[in-house]
Amino acid sequence: MIDPISISSLKVGSTIILGKTSLREKEIIEYATTFDPLPFHINKEAGKKSIFKGIIASGPHIFTKIHKEFWIPRFGHSVVCGIEVNNWKFLKPTYPETEITGIVEVKSIEENIRPEMKEISWYYSFLDENQEAIQTLELKIMHHSNDINS
């Protein structure tokens with residue numbers, strides 16, 4: 001079980017290693033069939049014929065899995081709403097069974113017009129087993145600053 005983290009304990013520059021995961025080929029195909037049915041995501045032969053030389057995960061799949069499994073248990077209790085997604089970069093393809101490490105850094109904490117809320121800009125990095133970035137993105141979320149939903 002992952003323990004929630006208090007929003008009030010966060011500082012700009014706080015970095016949290018969210019966790020490690022991988023995607024099985026079956027997961028990649030199932031996710032992509034629903035959300036991103038491009039041939040190189042859902043068909044082995046098409047993947048082999050593509051520039052990737054095999055099936056690769058849809059970019060959002062990596063974020064979705066790590067966000068759901070590791071970020072929400074820590075911070076979901078304080079979320080009011082999402083505000084924006086910026087600079088989502090798909091840097092390397094992700095093949096089945098690639099070990100992926102999710103890391104998040106607090107880039108900024110801004111006061112909101114409502115004093116009980118804060119706007120936090122989170123910078124996500126997803127690294128492969130060689131510690132090379134697979135993808136990065138910035139996500140701004142409005143949080144209850146006093147963790148009233150915990």
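These lines cover the structure that appears in this document, whether it is placed above or below. (Residues numbered from 1 in each chain as written. Predicted model: local features only at pLDDT ≥ 70, side-chain atom pairs only at ≥ 80, totals over all residues. Heavy atoms only, no water.)

## Some details on the overall build of the protein
Thinking step 1. Secondary structure summary: the protein contains 4 helices and 5 strands in total.
Thinking step 2. Its C-alpha atoms give the protein principal-axis dimensions of about 55 × 30 × 30 Å.
Thinking step 3. Out of the 150 residues in the protein, the part that is buried amounts to 44%.
Thinking step 4. Of the roughly 8,100 Å² of accessible surface on the protein, 55% is carried by carbon and sulfur atoms.
Thinking step 5. Here the protein contributes 17 positive and 20 negative side-chain charges, whose respective centroids are spaced 4 Å apart. (Helix = DSSP H or I, 4+ residues; strand = E, 2+ residues; numbered from the N terminus. Buried < 20%, exposed > 50% of the residue type's maximum accessible area, 1.4 Å probe, protein only. Areas by Shrake-Rupley, 256 points an atom, 1.4 Å probe, with all protein chains shown as cover. Lys, Arg positive; Asp, Glu negative; His and termini not counted. Charge placed at Lys NZ, Arg CZ, Asp CG, Glu CD.)

## A look at helix α4 (residues 59-75)
Thinking step 1. Compared with the 24 Å implied by 1.5 Å per residue over 17 residues, the 22 Å span of α4 between its first and last C-alpha is a close match.
Thinking step 2. The axis of α4 is deflected most strongly, by about 45°, at His-67.
Thinking step 3. Buried residues of α4: Gly-59, His-61, Ile-62, Phe-63, Lys-65, Ile-66, His-67, Phe-70, Trp-71, Arg-74 and Phe-75, and no others.
Thinking step 4. Residues of α4 that are buried make contact with β1 (15-21), α1 (25-35), β2 (79-90), β3 (100-111), β4 (117-127) and β5 (133-144). (Expected span 1.5 Å × (residues − 1). Bend = angle between axes of the 7 residues up to and from the residue. Contact = heavy atoms within 4.5 Å.)

## Points about the pairing of β3
Thinking step 1. Looking at chain direction, β1 and β3 are connected through 6 bridges and run antiparallel. What sits directly across from Ile-17, in β3, is Ile-103.
Thinking step 2. Pairing between β3 and β4: 10 bridges, direction antiparallel. Its bridge partner lying in β4, Ser-108 is registered against Ser-121. (Pairing = 2+ DSSP bridges.)

## Description of the sheet that holds β4
Thinking step 1. If you trace the 5 strands from one edge of the open sheet to the other, you get β1-β3-β4-β5-β2, paired in antiparallel fashion. Each end of this open sheet is capped by a strand with a single partner; those strands are β1 and β2. Sheet twist, expressed as the mean angle between neighbouring strand axes with direction ignored, is 20°.
Thinking step 2. Here β4 pairs with β5 via 11 bridges, running antiparallel. Within β5, the residue paired with Glu-119 across the bridge is Met-142.
Thinking step 3. The strands that α4 touches are β1, β2, β3, β4 and β5; relative to β1, the one it contacts most, it runs at about 120°. (Axes fitted to C-alpha atoms, helices over the stretch in contact; angles between N-to-C directions.)

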